[in-house]
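# Examining the three-dimensional arrangement
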Amino acid sequence: MKTISENRCFGGVQGVYAHASDVCGGEMTFGVFLPELSEDAPVPVLWYLSGLTCTHENAMTKAGAQAWAARNGIAVVFPDTSPRGEGVPDDEAFDMGQGAGFYVNATEEPWAKSFNMWDYVAEELPALVTSTFSIDGERQGITGHSMGGHGALTLAMGLPGRYRSVSAFAPICNPTQSEWGQKQLRGYLGEDESLWAKHDATLCMKTRGFDGRMLIDTGTSDQFGDKLMTESLAAAIAERRQPATLRMQRGYDHSYYFVSSFMEDHVSFHAEALWV
């Protein structure tokens, strides 16, 4: 692992690092915010998964998470959204290929060699950060925005016992039925739609739910609302009687103005679960 940058931030350190990834077959970059409290003992960690077209940097510089994480004494990890670099396959469309890993392990060519973002976020990167930084791997929460909200929800429900809490900002809720999902799941996983189900939050809610705390925020003026299909997840939550808070925020859109407006709520929500 190599250090790209480290900056003092709200009493802690915001770092950016790169490492050779076995599961993605190349160099991956990620950010880690460590609060001042981590200088004394390992702290809980919140994973932030970003959306389409984003890198590790978007949320790191736009979401405002560090101030609230510092106040609550938790670390925040910002992974990239896909493998990148020379030789990594890509697509001309913004919603496929580099910047659009969709948090799955691809089985179809040309993606299978590099696009293994489920294993990267679930296994490889956690092992690296917990062994390198003052982070307590037993106390984890996960959140994300848009495609990253989809990833947060499906990872949380797909890995029982891993995360104490999950939240999402404007998540893609029902990708097997959405324009944001069908194309990517078919491209990465093939035509067998039974393989798509574990990557659909609505279907995961129907079959297994989540045993921790759940918070979801979506704006009523989200310009991609028809692709998010929030109502499908809401119905599945109600049908399962899953303990969850799902809020429709009046007038907010899909942007980081929306995300940053409710970041304090989300970080505090996770901190309450992680410090129990």
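A few points on the structure.

Cut-off values and rules
Residues numbered from 1 in each chain as written. Predicted model: local features only at pLDDT ≥ 70, side-chain atom pairs only at ≥ 80, totals over all residues. Heavy atoms only, no water. Pairing = 2+ DSSP bridges. Helix = DSSP H or I, 4+ residues; strand = E, 2+ residues; numbered from the N terminus. Axes fitted to C-alpha atoms, helices over the stretch in contact; angles between N-to-C directions. Phe/Tyr/Trp six-rings, centres within 6.5 Å; stacked < 30°, edge-to-face > 60°. Buried < 20%, exposed > 50% of the residue type's maximum accessible area, 1.4 Å probe, protein only. Contact = heavy atoms within 4.5 Å. Lys, Arg positive; Asp, Glu negative; His and termini not counted. Salt bridge = Lys/Arg side-chain N within 4 Å of Asp/Glu carboxyl O. Polar contact = N/O pair within 3.5 Å; in protein donor to acceptor, adjacent residues only side chain to side chain. Arc of directions from axis to C-beta.

Here the focus is the sheet that holds strand S5 (residues 75-79). What the 9 strands build is an open sheet, ordered S1-S2-S3-S5-S4-S6-S7-S8-S9; its pairing is mixed. Two strands close off the open sheet at either side, each with one partner strand: strand S1 (2-9) and strand S9 (245-249). Each neighbouring strand pair of the sheet contributes to a mean axis angle of 20°, computed without reference to strand direction.

Throughout the structure, instances matching the rule amount to 11 aromatic pairs. Measuring from ring centre to ring centre gives 5.8 Å for Tyr17 and Phe30, while their planes differ by 40°; the resulting arrangement is tilted. Residue Tyr17 is located in strand S2 (residues 12-21), and its partner Phe30 is located in strand S3 (residues 26-34); the two are separated by 13 residues in the primary sequence. Overall, the relative accessible area of 3% leaves Tyr17 in the buried class.

All right, on to the environment of Gly148 then. Relative to the helices and strands, Gly148 is located in helix H4 (residues 147-158). Judged by its relative accessible area of 0%, Gly148 is buried. Put simply, Gly148 and Gly101 are 47 residues apart on the chain and 9.7 Å apart in space, counted from C-alpha to C-alpha. For Gly148, the contacting residues outside a window of four places in its chain are Leu49, Ser50, Gly51, Tyr103 and Thr143.

Let us now look at the side chain of Asp222. Position of Asp222 among the secondary structure elements: in the loop between strand S8 (213-219) and helix H7 (225-228). No salt bridge is formed by the buried Asp222, whose closest oppositely charged neighbour, Lys227, lies at an N-O distance of 8.8 Å. Of note is the side chain of Asp222, whose polar atom sits 2.7 Å from the side chain of His254. Leaving out residues up to four positions away in the same chain, Asp222 has contacts with Ala170, Leu228, Tyr252, Asp253 and His254.

Relative to the helices and strands, Gln242 is located in the loop between helix H8 (230-240) and S9. Using a relative accessible area of 8% as the deciding quantity, one classes Gln242 as buried. Only 2.8 Å separates the side chain of Gln242 from the backbone oxygen of Phe210, close enough to count as a polar contact. Excluding anything up to four places from it in sequence, Gln242 contacts Met205, Gly209, Phe210, Gly212 and Ile237.

Our focus in this paragraph is the pattern of salt bridges. Counted under the stated rule, the structure contains 12 salt bridges. In this structure, Asp80 and Arg84 form a salt bridge, with 2.7 Å as the shortest nitrogen-oxygen distance. When its relative accessible area of 5% is taken as the criterion, Asp80 is described as buried. Look at Arg84 and you get partly exposed, because its relative accessible area is 28%. Glu191 is the salt-bridge partner of Arg186, the closest N and O atoms lying 3.1 Å from each other. Judged by its relative accessible area of 33%, Arg186 is partly exposed. Given a relative accessible area of 59%, Glu191 falls into the exposed group. The network of salt bridges with common partners includes Arg186, Glu191 and Glu193.

Our focus in this paragraph is helix H5 (residues 179-189). Inspection of H5 places Trp180, Gly181, Gln184, Leu185, Tyr188 and Leu189 among the buried residues, and these make up the whole buried set. Down the axis of H5, the sector holding all buried residues measures 100°, keeping them to one side. Structurally, H5 contributes buried residues whose contacts are with H7. Between the side-chain oxygen of the N-cap and the backbone nitrogen of Trp180 there are 3.0 Å, and the N-cap of H5 in question is Ser178.

Glancing now at unusual backbone geometry. With omega at 5°, the peptide bond leading from Glu109 into Pro110 counts as cis. For Pro110, the location among the structural elements is in the loop between S5 and helix H3 (117-132). A positive phi angle is found at Ser146, which is not glycine, with a value near 60°. For Ser146, the position within the fold is in the loop between strand S6 (135-144) and H4. For Ser146, a relative accessible area of 3% corresponds to the buried category.

The next thing to look at is H8. Within the sequence span of H8, burial applies to Thr230, Ser232, Leu233, Ala236 and Ile237. In an axial view of H8, the angular spread of the buried residues amounts to 160°, which keeps them on one side of the axis. Pointing more than 90 degrees away from the buried face of H8 are the exposed residues Glu231, Ala238 and Glu239. Positive phi shows up at Arg241, right after H8, with a value of about 60°.

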